[in-house]
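Overview (structure and organization)
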Amino acid sequence: MESTMEHAHPSRKLYLLIFFALVVGTCVTYLVAKIDLGIWNPVIALAIACIKAILVILFFMHIRYSSKLTILTVCAGFFWLLIMITLSLTDYLTRL
Amino acid sequence: MSTATQPASQLVMPAKHYLNDNYGIRSWLLTKDHKRIAVLYLFSITFFFFVGGLFAAMIRLELLTPAGDLFTSDTYNKLFTMHGINMIFFFLIPSVPAVLGNFLVPLMIGAKDLAFPKINLLSWYIFIVGALFSLATMVTGGVDTGWTFYTPLSSGFVKTHVILMAVGILTAGFSSIFTGLNFIVTVHRMRAPGLTWGRLPLFIWANYAASLIMILGTPVLAITLILLALERGFHIGIFDPKLGGDPVLFQHMFWFYSHPAVYIMILPGMGVISEIVTCFSRKRVFGYSFVAFSSIAIAVFGFVVWAHHMFVAGISTYSAMVFSLLSFAVAIPSAVKVFNWTATMYKGSVSFETPMLYAFGFIGLFTIGGLTGLFLASLGLDIHIHDTYFVIAHFHYVMVGGMVMAYLGGLHFWWPKITGRMYPEGWAKLAALITFIGFNLTFFPQFILGYMGMPRRYHAYPEEFQVLNVLSTAGASILAVGFILPLIYFLYSMRFGEIAGPNPWQATGLEWETSSPPPTHNFEETPIVTEEPYHYGADREVTVVP
Amino acid sequence: MSHNLATTEEHHPALAHQFDTMDQQREASTFGMWVFLLTEIMMFGGLFTAYLIYRHKYYTAFVGGSSSIDVTWGFANTLVLIGSSLTMAMAVWAAQNGKRRQQMIYLALTMILGVAFLGVKAKEYYEKYDECHIPGQVIGKGFNATGGCDAGDPKKGNIADDLESRNVPPAAAAQIARQTEIFFSFYFAMTGLHATHMLIGLGVLAWLFLRAKRGEFGPEYYTPVENVGLYWHFVDIVWIYLFPLLYLISRNGHEIFS
């Protein structure tokens, strides 16, 4: 039972860095929303949201330093969410 | 450590075990012992099984005659709704996981308890709270929307206690989530030394797969019921077409959980059958890895077929074709299991104790039920048999002929471990036979009825369907006897049953290597596993724990 | 009757009987919290799925609804919550390093930021109540987005007006404005579920604060802080998605329906 992996954790400086990245991401999202980019507006907004979520998951939630099992668990969660959204949309997007 | 079993006359109950370790109601209601919690569940779900059975009896009584003369149609709607809700949420879903799973999972993996004993107890309390909501609904007039709660009937039209019932069900759902969470963490993190994944009993694989479904599917039911309650309470239009909502969306969200739910119900039963078949064939399971992975496959595939309940609801035809194809695919892993159980028995030394009788019943009846599922999965055919008795017969074959038989088989198989005493074998065999006959007489006619066009959820029907309905009701009365007998002799055996000893079946598995009943901490010493599971063979040493 | 394999390890007071070592306990608890978060992903996920379907079906109504909630407050709240995630991560660091005072400070800061978030949400909810944008006719003043909210102020909560100024013809604007009720159903359901989770989180943080004050956490045992941290970060991630999905639907002020 390996325990050394779990004890590795980010430094406070890294936390601060991630925080600033998240703040920047939020500001960019806010500002880009004011420009008309048509279909790309929601795409960019959600892409930035995904990057922010990944940063929180990797560093604040320590996934970067966690076991394979934990990483698999997180991926399974998003995969299942994807199944639910995609298969439901196969109905709604193909209705005549 | 002797190498032979002790003669029956020398078997004694262990001096201290989990049942007599502590006395008093507080030691039970505040227990953290997974075995006691399993027993608490056993009593709770047995109660709800008979409540659900009572509703079934009333349904079958009404259906004796073509006219709807026993109950008004509104009351009849309540009967089948409460039958479904009680049986599904308060009996079937907890049955094997909460009773047998809770008891056996730590024992089978050589652990002292589950990972989170307090959460385990909380899970039982949450179940009881949900059950109380359900009982409250029943005594204040019940619900009449069908267990499926389709909108806008449930969100806007009926005057019955939909919200109260929805809260009860969603509460019971959280109980299920906590049980599943506990099992997953336990199996990952608390296996005994040497117990690799490839050496786990198939019962563990099955419950693990069911637990995956519990944690991934049940939350969607929770949010669906919350939205239903909000819509009904505040008259907002999420599913109500009059207010701009889409009733089919409710069905998508509802079935996203409720289809995988049927696999929550059946997978643990399949795990039980694997254990029974191998023991009473004295032969290792044929194709262990296939059976193990088929459990996971069923769990995963089970999530992508839900709209086969909605073929005639107005979903797009293209989407229906996709779901139909996937529904055919999900039958494959189940078939794999049936083939492997059969192959296990081939050239084995088969004996016919009660658990094995139930296992035979399961294999035959589940196969019939499963095959009829393919009829329903076929788009063209479903148009004709959807919402008929064909569907009812199909799911009762898999749920009663399959799951309930598996549950009873498992109860009989592990009864000596749970109580330290044997049930009376003669009566048990009789009950198994009566159950089998009663079951087939009740539900086989329903296939024919459905095929002939009798709709479900109707309390009045055309004259020409009466003979089959009478047969079905007759069968139900026989089936009732088959279910009541075990209640009587199990209770009897708790006090007067023959002392079982640690391993009355000469079975493999860690749970049989501790006393019957086990001590509170399960094992005197943490076992170390060195052998494959189901290592039946002439050279097998039988360990007897004094 | 000792059955503890690791007889050389001192029996830490927080070691539960079913576990053999503190390591095993920590791994099991953390994994357990992740499995629980999995269930939360699916619960919010159900809501998000329904939201996506209705956004697709009633896009212009969603635009109308989104433009009527204050994006500046949403933006501010996002920063507040991200800040609280930082302070939570710091609290975990402090617990890992046995720094009692810092644990308490960071946990307190996290709670303060959480309360601030909820305060802003309360203000936003009040605004919606005032503008007759609470869906349904049961609570609030009854839904009305076509100018009938306040007899003396026809512009209050008047989304039809708003849409007309973005070049939507009046008849269509009135219909779309009525349809925004579904947007608000989702707005309240999603932010409401999120706020409920925050409230529960605040309660748990308070309990954690008391335990930290008693000096219960240190390098060998800080799992509860870590696990509550995981929960808190998850709640933050939900908001990270809620903000663009609810507040930023076609915010560029350009005309729709050209």
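Once that is clear, we can look at the interface of chain A and chain B. Facing the eleven residues of chain A at the interface are twelve residues of chain B. Of the residues that constitute the side of chain A that touches chain B, the class distribution is six nonpolar, three polar and two charged.

With that out of the way, let us pick up the interface of chain C and chain A. Across the contact, 37 residues belong to chain C and 37 residues belong to chain A. Elements represented by at least two residues in the side of chain C that touches chain A include exactly helix H1 (22-57), helix H3 (71-96) and helix H7 (223-247) of chain C. When the residues that make up the side of chain C that touches chain A are grouped by side-chain class, the tally is 21 nonpolar, eleven polar and five charged.

On to the nonpolar core. Side chains of nonpolar character tend, in soluble globular proteins, to be buried together. With 286 residues, the main nonpolar core has B:Leu267 and B:Met403 as its most contacted residues. A domain-level breakdown of this core finds at least three residues from each of domain 1 (1-65) and domain 2 (67-96) of chain A. Excluding residues that lie within four positions of it along the chain, B:Met403 makes contacts with B:Leu92, B:Met265, B:Ile266, B:Gly269 and B:Val398.

Residue and element names in this part refer to chain C. Two elements in contact, H3 and H7, have axes separated by 10 Å at closest approach and are oriented at 165°. Classed by the angle they form, the pair H3 and H7 counts as roughly antiparallel. You can see that H3 and H7 cross each other, and the crossing is left-handed. Judged by residue contacts, Val71, Gly74, Thr78, Leu81, Ile82, Ser85, Met88, Ala89, Ala91, Val92 and Ala95 of H3 engage Val225, Glu226, Gly229, Trp232, His233, Asp236, Trp239, Phe243 and Tyr247 from H7. For the contact of H3 with H7, the class distribution of residues is 13 nonpolar, five polar and two charged.

On to the confidence of the model for chain A. Residues and elements named next belong to chain A. Of the residues in chain A, 92% have a pLDDT of 70 or more, and the chain-wide mean is 87. Averaged over each element, pLDDT in chain A is lowest for helix H1 (residues 4-7) (45) and highest for helix H2 (residues 12-32) (93). Taken together, the stretch residues 1-6 has pLDDT below 50 and engages in seven contacts with residues farther than four places along the chain or on a different chain.

Criteria and thresholds
- Residues numbered from 1 in each chain as written.
- Chains lettered and ligands numbered in written order.
- Predicted model: local features only at pLDDT ≥ 70, side-chain atom pairs only at ≥ 80, totals over all residues.
- Contact = placed C-beta atoms within 7 Å.
- Nonpolar A, V, L, I, M, F, W, Y, C, P; charged D, E, K, R; others polar.
- Helix = DSSP H or I, 4+ residues; strand = E, 2+ residues; numbered from the N terminus.
- Core = buried A, V, L, I, M, F, W, Y, C linked by C-beta atoms within 7 Å.
- Buried ≥ 20, exposed ≤ 12 C-beta atoms within 10 Å, placed from the backbone.
- Domains from an automatic or database assignment.
- Axes fitted to C-alpha atoms, helices over the stretch in contact; angles between N-to-C directions.
- Parallel < 35°, antiparallel > 145°, perpendicular 65-115°, else oblique.
- Left-handed = near helix turned anticlockwise from the far one by under 90°.
- pLDDT = per-residue confidence, 0-100.

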